[in-house]
Number of protein chains: 2
Amino acid sequence: MSVRPVLIRGEWMPSTDVKTFHAVNPTTTEPLADEFPVSPWAEVESAIEAASAAAVTLRGANRELFATFLESYAAQIEARADALVETAHLETALAISPRLRDVELPRTTGQLRQAAAAARDGSWAVATIDTAAKIRSIYEPLGPVVVIGPNNFPFAFNSVAGGDFAAAVASGNPVIAKAHPSHPLTTTLLAEAALEAVLEAGLPPAFVQVIYRTSREDGLRLVRHPKIGGTGFTGSRTAGMALKEAADRVGKPIYLEMSSINPVVVLPGALEERRDSLADEFTSSCLMGSGQFCTNPGLVLLPAGKRGDAFVAAVKKRFEAAPVGTMLAEGVRKGFLDALEIIRKAGGTLVTGGEGGGGKGFCVRNTLLTVSGKQFVENPHAFQTEVFGNGSVFVLAEGLDEMLTVVERLEGNLTGCIYSDTKGSDDAAYDRLAPALRTKVGRLINDKMPTGVAVSPAMNHGGPFPATGHPGFTAVGIPASIHRFARLACYDNVRSHRLPALLRDENPTGVWRFIDKQWTRESIKS
Amino acid sequence: MSVRPVLIRGEWMPSTDVKTFHAVNPTTTEPLADEFPVSPWAEVESAIEAASAAAVTLRGANRELFATFLESYAAQIEARADALVETAHLETALAISPRLRDVELPRTTGQLRQAAAAARDGSWAVATIDTAAKIRSIYEPLGPVVVIGPNNFPFAFNSVAGGDFAAAVASGNPVIAKAHPSHPLTTTLLAEAALEAVLEAGLPPAFVQVIYRTSREDGLRLVRHPKIGGTGFTGSRTAGMALKEAADRVGKPIYLEMSSINPVVVLPGALEERRDSLADEFTSSCLMGSGQFCTNPGLVLLPAGKRGDAFVAAVKKRFEAAPVGTMLAEGVRKGFLDALEIIRKAGGTLVTGGEGGGGKGFCVRNTLLTVSGKQFVENPHAFQTEVFGNGSVFVLAEGLDEMLTVVERLEGNLTGCIYSDTKGSDDAAYDRLAPALRTKVGRLINDKMPTGVAVSPAMNHGGPFPATGHPGFTAVGIPASIHRFARLACYDNVRSHRLPALLRDENPTGVWRFIDKQWTRESIKS
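Remember, it's a predicted structure, so these values are computed and weren't measured experimentally.

### Examining the overall build of chain A
(1) Moving on: Scanning chain A from terminus to terminus reveals 16 helices and 21 strands.
(2) Moving on: Over its C-alpha trace chain A gives a radius of gyration of 24 Å, about what one expects of a compact globule, namely 24 Å for 526 residues.
(3) Moving on: Principal-axis analysis of the C-alpha atoms gives chain A an extent of 75 × 65 × 40 Å.
(4) Moving on: When burial is assessed residue by residue, chain A has 60% of its 526 residues classed as buried.
(5) Moving on: Taking as baseline every contact in chain A between residues at least 6 positions apart, the subset at least 24 positions apart corresponds to 74%.

### Section: the interface of chain A and chain B
(1) Moving on: Listed per partner, the contact involves 57 residues of chain A and 57 residues of chain B.
(2) Moving on: Split by residue class, the side of chain A that touches chain B holds 27 nonpolar, 17 polar and 13 charged.
(3) Moving on: The pairing of strand E18 (residues 441–446) of chain A with strand E19 (residues 486–492) of chain B spans three bridges and is parallel. In the sheet register, Leu444(A) faces E19(B), and the bridge partner there is Tyr491(B).

### A short note on the sheet that holds strand E21 (residues 518–520) of chain B
(1) Moving on: Read from one edge to the other, the open sheet built from 12 strands follows the order E14(A)-E15(A)-E16(A)-E13(A)-E12(A)-E17(A)-E18(A)-E19(B)-E6(B)-E5(B)-E20(B)-E21(B), with strand pairing classed as mixed. The open sheet is flanked by strand E14 (349–352) of chain A together with E21 of chain B, the only strands paired with a single partner. With strand direction ignored, the average angle separating the axes of adjacent strands in the sheet is 25°.
(2) Moving on: Relative to strand E16 (residues 391–397) of chain A, strand E15 (residues 367–372) of chain A runs parallel, the two sharing six bridges. Following the sheet pairing, Ser372(A) is matched in E16(A) by Leu396(A).
(3) Moving on: Against the sheet, helix H10 (residues 306–321) of chain A makes contact with strand E12 (263–266), strand E13 (299–303), E14, E15 and E16 of chain A, and its axis sits at roughly 55° relative to E14(A), the strand it touches most.

### Re the relation of the copies chain A and chain B
(1) Moving on: For these two chains of identical sequence, chain A goes onto chain B by a turn of 180° and a shift of 0.0 Å along the axis, with RMSD 0.0 Å. Classification of the inter-copy transformation places it as that of a two-fold axis.
(2) Moving on: Most of the interface of chain A is mirrored in chain B, where 100% of its interface residues are also at the interface.

### Section: the domain arrangement of chain A
Residues and elements named next belong to chain A.
(1) Moving on: When the domains of chain A are assigned, the result is domain 1 (6–127 + 139–258 + 474–482) and domain 2 (263–446).
(2) Moving on: Between domain 1 and domain 2, the contact holds 13 residues from the first and 12 residues from the second.
(3) Moving on: A breakdown of the residues in the side of domain 1 that touches domain 2 according to their chemical character gives four nonpolar, seven polar and two charged.

### Section: the packing of helix H2 (residues 64–79) of chain A against helix H6 (residues 184–201) of chain A
Residues and elements named next belong to chain A.
(1) Moving on: The N-to-C vectors of H2 and H6 enclose an angle of 140°; their axes lie 8 Å apart at closest approach. The angle between H2 and H6 falls in the class oblique. The two elements H2 and H6 cross, and the hand of that crossing is right-handed. The segment H2 lies against H6, with Leu 65, Thr 68, Phe 69, Ser 72, Tyr 73, Gln 76 and Ile 77 engaging Leu 190, Ala 193, Ala 194, Glu 196, Ala 197, Val 198, Glu 200 and Ala 201.
(2) Moving on: A class-by-class count of the residues in the contact of H2 with H6 yields 10 nonpolar, three polar and two charged.

### Some points on the sheet that holds strand E13 (residues 299–303) of chain B
(1) Moving on: Read from one edge to the other, the open sheet built from 12 strands follows the order E21(A)-E20(A)-E5(A)-E6(A)-E19(A)-E18(B)-E17(B)-E12(B)-E13(B)-E16(B)-E15(B)-E14(B), with strand pairing classed as mixed. On the outer flanks of this sheet lie strand E21 (518–520) of chain A together with strand E14 (349–352) of chain B, each paired with one strand and no other. Taking the axes of each pair of neighbouring strands and ignoring which way they run, one obtains an average angle of 25° across the sheet.
(2) Moving on: In this sheet, E13(B) lies alongside strand E12 (residues 263–266) of chain B in parallel orientation, the contact comprising three bridges. When the bridges of E13(B) are listed, Pro263(B) appears paired with Leu299(B).
(3) Moving on: Along the sheet, helix H10 (residues 306–321) of chain B makes contact with E12, E13, E14, strand E15 (367–372) and strand E16 (391–397) of chain B, crossing E14(B) at roughly 55°.

### Section: the environment of Phe207(B)
(1) Moving on: Mapped onto the fold, Phe207(B) is located in the loop between helix H6 (184–201) and strand E9 (208–211).
(2) Moving on: Every residue in contact with Phe207(B), bar those within four places of it in the chain, is listed here: Ala54(B), Pro174(B) and Val198(B).

### Points about unusual backbone geometry
Apart from glycine, the bulk of residues carry a negative phi angle, and the bulk of peptide bonds sit in the trans form.
(1) Moving on: In the segment running from Ser97(A) into Pro98(A), the intervening peptide bond is cis, with an omega of 5°.
(2) Moving on: Locating Pro98(A) in the fold gives a position in helix H4 (residues 96–121).
(3) Moving on: Looking along the chain, the bond that leaves Ile478(B) and enters Pro479(B) is cis, with omega of 15°.
(4) Moving on: Tracing the chain through its elements places Pro479(B) in the loop between strand E18 (441–446) and helix H16 (480–483).
(5) Moving on: The backbone phi angle of Lys517(A) is positive, close to 70°, even though this residue is not glycine.
(6) Moving on: Examined against the element boundaries, Lys517(A) turns out to sit in the loop between strand E20 (513–515) and E21.
(7) Moving on: The partly exposed category is assigned to Lys517(A), around which 17 C-beta atoms lie within 10 Å.
(8) Moving on: Although it is not a glycine, Asn262(B) adopts a positive phi angle of roughly 50°.
(9) Moving on: Relative to the elements of secondary structure, Asn262(B) occurs in the loop between strand E11 (254–257) and E12.

### Some remarks on the environment of Glu378(B)
Residues and elements named next belong to chain B.
(1) Moving on: By the secondary structure assignment, Glu 378 is in helix H12 (residues 373–378).
(2) Moving on: Judged by the 14 C-beta atoms lying within 10 Å of it, Glu 378 falls in the partly exposed class.
(3) Moving on: A C-alpha to C-alpha distance of 40 Å links Glu 378 and Phe 485, two positions 107 residues apart in sequence.

### Details of the packing of helix H2 (residues 64–79) of chain B against helix H5 (residues 163–170) of chain B
Residue and element names in this part refer to chain B.
(1) Moving on: Contact geometry of H2 with H5 gives a least axis separation of 9 Å together with a crossing angle of 155°. Comparing their axes, H5 and H2 come out roughly antiparallel. Along the contact surface, H2 presents Phe 66, Phe 69 and Leu 70, while H5 presents Ala 166, Val 169 and Ala 170.
(2) Moving on: Its residues assigned to classes, the contact of H2 with H5 comprises six nonpolar, no polar and no charged.

### Let's talk about the nonpolar core
Note that soluble globular proteins tend to have their nonpolar side chains buried in a common cluster.
(1) Moving on: Core analysis: the biggest nonpolar cluster contains 342 residues, and Leu70(A) and Leu70(B) have the highest contact counts within it.
(2) Moving on: With residues near it in sequence (within four places) discarded, Leu70(A) still touches Leu112(A), Arg113(A), Ala115(A), Ala116(A), Ala119(A), Ala166(A), Val169(A) and Ala170(A).

### Details of helix H15 (residues 427–438) of chain B
Residues and elements named next belong to chain B.
(1) Moving on: Helix length check: H15 (12 residues) gives 16 Å between terminal C-alpha atoms against 16 Å at 1.5 Å per residue, within 8%.
(2) Moving on: For H15, the set of buried residues is Ala 429, Tyr 430, Leu 433, Ala 434 and Leu 437. Within H15, the buried residues cover an arc of 115° as seen down the axis, which keeps them to one side. Residues of H15 that are exposed and point more than 90 degrees away from the buried face comprise Ala 428 and Asp 431.
(3) Moving on: In the core, the buried residues of H15 are packed alongside E12, helix H14 (399–408), strand E17 (413–419) and E18.

Rules behind the numbers
- Residues numbered from 1 in each chain as written.
- Chains lettered and ligands numbered in written order.
- Predicted model: local features only at pLDDT ≥ 70, side-chain atom pairs only at ≥ 80, totals over all residues.
- Helix = DSSP H or I, 4+ residues; strand = E, 2+ residues; numbered from the N terminus.
- Rg over C-alpha atoms; globule rule 2.2 N^0.38 Å.
- Buried ≥ 20, exposed ≤ 12 C-beta atoms within 10 Å, placed from the backbone.
- Contact = placed C-beta atoms within 7 Å.
- Nonpolar A, V, L, I, M, F, W, Y, C, P; charged D, E, K, R; others polar.
- Pairing = 2+ DSSP bridges.
- Axes fitted to C-alpha atoms, helices over the stretch in contact; angles between N-to-C directions.
- Least-squares fit on C-alpha atoms with pLDDT ≥ 70 in both.
- Domains from an automatic or database assignment.
- Parallel < 35°, antiparallel > 145°, perpendicular 65-115°, else oblique.
- Left-handed = near helix turned anticlockwise from the far one by under 90°.
- Core = buried A, V, L, I, M, F, W, Y, C linked by C-beta atoms within 7 Å.
- Expected span 1.5 Å × (residues − 1).
- Arc of directions from axis to C-beta.

And the structure:
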């Protein structure tokens with residue numbers, strides 16, 4: 001079988017490099033048939049040049065263009081649903097149903113349609129007008145955006161179809177998508193759908209380009225290239241930090257979602273009140289998709305003593321009874337076992353699991369560890385090692401003061417949850433812990449596990465470093481996620497016929513604008 | 001005279017270090033009487049600890065507290081106006097009137113009052129509510145903010161009174177101000193006013209702290225300290241880049257305003273139509289305050305040939321006739337002459353000026369250089385060296401294509417202006433140049449020099465790297481400048497009595513909120 005081509009300048013071109021790779025079927029642990037290229041720098045550079053030319057062509061483009069593309073793309077994806085879910089299943093071992101077909105695919109097309117609505121509406125651009133000073137400003141496209149997707153969502157965070165892609169397009173940017181090498185054929189199928197939608201919408205053919213893999217050094221050159229506007233990355237902390245350094249040095253915006261252990265605090269009253277249902281809820285959240293979620297509950301903080309011990313026992317029982325899922329790749333299994341080793345060496349006690357096996361292909365037994373609050377406080381770095389997968393660390397703290405100290409030692413996370421009882425006996429504890437947890441997490445949750453990430457304007461799928469690179473931005477939720485791929489553009493004393501449509505006096509489509517310190521959908525009366 | 005104390009934890013404490021410095025009177029070039037400390041690390045660290053404790057105390061604080069402080073501080077500054085303008089004049093040589101007393105001081109108190117209004121109102125926090133999903137989010141304070149001010153605005157960008165300070169406080173953050181060592185006594189006087197306002201408002205005494213100078217290494221330690229939320233810096237590119245690297249490595253937000261040559265394009269028709277008034281306008285903008293503005297017009301792009309030459313001659317005449325101002329410091333003069341040397345070595349032609357002297361104290365003759373468009377395009381890096389002060393480089397381009405090439409070679413800048421004629425003969429040229437210039441600058445201006453920076457919600461005093469570190473943020477303009485010092489805080493399923501005031505159903509003060517995708521000042525009906 002010949003090597004799969006890359007998508008550059010609207011054409012599927014044979015890659016010029018000799019290096020190739022295969023994805024691996026995680027269930028059989030055998031390589032899959034298709035062979036994909038590692039693109040050499042010249043190929044990456046030609047994609048950058050083409051994207052840059054497309055961005056120039058699109059200056060001042062009608063925002064309807066991007067809306068049309070996004071909607072048409074969503075429909076193209078739906079038309080290819082069967083092939084997509086089957087291919088993604090082969091490459092990731094994620095269940096066809098409900099996960100891929102009934103949850104992730106609709107989420108992906110839903111995101112694209114929300115992005116389309118935002119692009120069409122234009123309110124995301126925060127048109128701000130000072131009529132007296134004759135100054136007007138707006139968010140405009142940043143320039144070509146590089147999207148580097150993760151392994152764990154072959155659709156919803158895919159570099160050519162996921163949240164970063166949708167946000168970058170909604171603000172009007174051409175995208176260079178770097179596929180995740182563990183699901184390249186899924187990415188090919190999505191890219192085929194995207195190309196069709198690009199041509200249908202009449203966008204420049206280079207509006208969406210796809211490469212599969214580069215050398216590490218070429219990846220760094222890509223994100224720091226002068227003609228790149230910015231980058232969206234979801235993946236490991238190691239890769240993220242290397243890309244961040246490259247981009248930061250040349251002042252290129254880069255948005256990273258890197259790692260998170262998503263602390264869950266269970267207060268004594270809640271344990272007393274509903275231990276078994278909490279154990280069910282936790283087990284289901286922690287083991288779903290083999291635990292391979294950015295918001296997987298990887299650390300649970302509990303009161304030491306009888307109630308905590310009973311919860312540990314309840315979860316142990318459930319972990320042992322639950323089926324063991326297949327992981328996305330050998331690298332995920334290895335990373336899991338390496339992380340476990342760090343935590344055990346630091347003194348963590350293995351309650352159950354802790355070794356490979358128990359299921360099909362790449363897998364590790366459902367794993368639970370415990371540490372005391374004192375141990376955690378003495379070695380917070382080791383005990384916050386992310387165990388990406390179907391495992392979690394329970395911290396058993398002696399009293400509220402120690403719980404608070406544990407919370408204060410936490411790094412930045414995407415989410416933090418607190419479970420409290422419904423009668424008020426935990427309220428004083430909540431009031432002490434919540435303000436401290438608040439500053440450590442992007443999303444503070446009550447009485448609910450963190451694994452559901454609603455695509456809502458109020459969502460924050462972000463958080464303090466090292467969960468992301470900047471605590472002011474979210475990767476999920478429209479319009480906020482779109483702002484990441486835009487720059488602030490001010491027009492001072494610019495003659496009215498030269499202003500962008502959203503900044504003119506007339507507002508025929510009723511865009512929300514901030515005029516003279518008030519939000520309004522009205523036109524400006526001259 | 002004893003060494004001036006530092007302001008830590010609400011007290012003026014003797015510095016523990018032995019290293020000291022004096023500011024210099026730029027007019028006499030003699031050291032001023034007061035002696036100021038270079039703070040050792042232990043002192044910086046105690047300020048960080050105190051600021052961090054203050055931030056903890058202030059979690060969930062009533063926003064009225066910050067509004068009261070900012071207003072009271074503005075009044076305190078006004079009560080000290082005479083001493084402030086006299087001291088600032090001695091330390092900076094900027095004119096008492098109109099500059100310091102009639103322009104910069106009122107601008108400073110105006111900024112503080114606008115920040116107070118924003119803090120009180122609360123709309124800046126972009127409260128976003130999804131009633132169906134039970135998800136609500138808001139911007140919250142980032143944690144203690146370090147502000148490092150520049151030399152050129154002793155009030156309006158002062159670390160303890162300027163725009164960054166006002167923005168950091170409006171979002172509720174304690175501030176550690178690092179004074180600029182060229183105007184330390186001005187900073188002392190401001191800090192005294194601030195402390196009085198802090199106590200009057202009932203804020204924690206460590207809410208505003210001031211140090212004067214640190215070693216370079218301790219400055220880096222400060223911005224990357226785990227208990228610091230973020231940093232605002234205005235100053236040189238060299239210092240800014242070092243701080244940026246330190247902060248970036250640990251994922252701490254840092255907002256930098258570093259350098260800008262603020263290109264001004266004068267199209268042929270405009271030259272034809274109003275050459276002399278343009279020469280007046282340019283001269284006044286370029287020489288005002290000895291040219292020591294972030295938005296000084298340091299590069300002018302003109303058509304080569306008769307019209308361009310006539311403009312060069314008109315400006316030469318005015319530069320030679322205009323008085324030579326005193327610069328802020330010996331370092332500014334040296335930097336100016338060094339930059340000039342780079343440009344001359346690269347082939348720039350000196351039209352007038354180019355050497356020290358012509359005025360009182362630290363000064364350089366009003367300086368004008370020319371280069372051809374071809375020269376610029378061949379060596380764009382050298383010809384974009386910032387000549388900070390009363391000088392400018394004119395680029396004489398052969399035709400529109402060469403003008404466009406020059407614009408495409410520009411680095412990121414705060415501003416870019418285009419002058420065109422009023423009859424339409426320049427319109428085609430404008431339409432070709434403006435889109436390219438647009439992507440290079442934060443603020444695009446028509447028919448007006450860049451040196452006025454209105455404090456308006458629509459202002460962007462920011463721009464692409466290296467003018468700043470991120471093209472999505474502005475240092476001037478409320479509410480946008482406040483967002484820099486805030487993090488996005490999402491509340492998911494949080495019980496209603498635990499929500500921050502701005503996210504509750506009731507909206508008694510009519511804050512603008514984004515509820516279910518609509519902006520409204522109404523309460524949510526239950």
